[in-house]
Protein chains: 2
Amino acid sequence: MTTLSVDGRRYEVARATESDVAALVALLADDVLGAQRESADLAPYLAAFGEIDRDPNQLLLAVRDEGGDVVGTMQLTLIPGLARGGTKRLQVEGVRLAPSTRGSGLGTALFDWAHEYGRRHGATLAQLTSDKTRADAHRFYERLGYEASHEGLKRPL
Amino acid sequence: MTTLSVDGRRYEVARATESDVAALVALLADDVLGAQRESADLAPYLAAFGEIDRDPNQLLLAVRDEGGDVVGTMQLTLIPGLARGGTKRLQVEGVRLAPSTRGSGLGTALFDWAHEYGRRHGATLAQLTSDKTRADAHRFYERLGYEASHEGLKRPL
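Residues numbered from 1 in each chain as written. Chains lettered and ligands numbered in written order. Predicted model: local features only at pLDDT ≥ 70, side-chain atom pairs only at ≥ 80, totals over all residues. Heavy atoms only, no water.

Participant: Looking at this structure, how should I read the environment of A:Leu46?
Facilitator: Residues and elements named next belong to chain A. Assignment of secondary structure puts leucine 46 in helix α3 (residues 43–54). The spatial distance from the C-alpha of leucine 46 to the C-alpha of aspartate 20 is 10.0 Å, given a sequence separation of 26 residues. Once residues within four sequence positions are removed from consideration, leucine 46 is found in contact with Glu18 and Val21. (Helix = DSSP H or I, 4+ residues; strand = E, 2+ residues; numbered from the N terminus. Contact = heavy atoms within 4.5 Å.)

Participant: Hey, could you run me through the packing of aromatic side chains in this one?
Facilitator: How two aromatic rings sit relative to each other is set out by the distance from centre to centre and by the angle between their planes. Residue and element names in this part refer to chain B. Considering all chains together, one arrives at 12 aromatic pairs over all chains under this definition. With a centroid separation of 5.7 Å and an interplanar angle of 75°, the aromatic rings of phenylalanine 111 and phenylalanine 140 are classed as edge-to-face. Pair noted here: phenylalanine 111 is in helix α5 (residues 106–120) and phenylalanine 140 is in helix α6 (residues 135–143), with a separation of 29 residues, a long-range link. For the pair phenylalanine 111 and phenylalanine 140, a shared accessibility class is recorded, and that class is buried. With a centroid separation of 5.4 Å and an interplanar angle of 55°, the aromatic rings of phenylalanine 140 and tyrosine 141 are classed as tilted. Side by side, phenylalanine 140 and tyrosine 141 carry an identical accessibility label, which is buried. (Phe/Tyr/Trp six-rings, centres within 6.5 Å; stacked < 30°, edge-to-face > 60°. Buried < 20%, exposed > 50% of the residue type's maximum accessible area, 1.4 Å probe, protein only.)

Participant: Help me out: how do you make sense of unusual backbone geometry in this one?
Facilitator: The bulk of non-glycine residues show a negative phi, and the bulk of peptide bonds are trans. Backbone geometry places A:Arg84, a non-glycine residue, at a positive phi of 60°. Within the element layout of this structure, A:Arg84 appears in helix α4 (residues 83–86). One non-glycine residue with positive phi stands out, namely B:Asp7, at about 50°. As for its placement among the helices and strands, B:Asp7 is situated in the loop between β1 (2–6) and β2 (9–15).

See the structure below:
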């Protein structure tokens with residue numbers, strides 16, 4: 001558990017627990033793209049949470065405001081690899097911040113924390129993909145030092 | 001171990017072992033971008049191999065031709081997640097095929113195998129990033145059904 005102090009407000013960052021899943025799913029669904037992708041049935045999310053929680057290379061975060069409401073989430077994955085001199089990657093997925101926190105600096109503080117977590121675990125490269133329609137997100141990531149050097153390609157299986 | 005039959009040639013696909021590491025690094029370095037990124041010192045690669053090999057969600061592949069030479073590699077990572085209804089992702093990293101195999105259909109056969117591996121382990125989405133300068137690779141991935149829907153953002157840590 002870490003406390004982030006951002007512009008006079010305090011947020012608690014912690015490893016998510018099973019009891020956070022419903023709030024995390026609500027956050028994922030409260031989004032222009034997520035609204036079409038998430039479902040009301042919690043069962044598949046609870047199964048996925050179990051798999052995330054058992055994998056020591058996964059860290060799912062729940063961020064709470066001073067009132068105890070879940071206002072942010074991200075999933076961090078450590079990926080060892082041979083390429084680039086045996087570089088370990090920190091991959092960031094499933095980033096969501098509640099609309100109430102936008103512009104507060106919480107996103108920047110949370111990414112700073114995530115990057116430090118990656119370095120502490122031996123990662124020397126951070127990576128994420130972001131839907132090409134999310135222009136605001138890309139400006140945010142570029143301010144954080146990310147470069148859109150790659151195409152992010154996906155296909156259903 | 002799987003045998004892929006491609007256009008009259010046979011290739012053996014197997015989980016990489018420590019004794020494959022030097023050949024895999026040579027393959028990573030035999031590439032316009034990889035040539036600048038890989039080093040002659042095997043030690044960091046062997047350390048990275050150990051981490052990959054211990055993680056049950058990682059599968060590093062070595063592909064051999066009929067003469068026993070390593071002519072291909074890719075790394076598959078299974079990533080459980082909450083987003084998209086609890087979707088598990090198959091992430092593909094570090095894809096390299098020897099120039100001698102280009103145009104043979106080996107790449108397509110290897111990706112077909114990888115997608116089936118993902119489905120067998122519960123993944124319903126495959127994803128990868130590819131440097132924006134690799135125009136040939138993007139045409140290949142689009143033929144395989146991938147869509148360049150996302151920006152692939154990276155930054156050093």
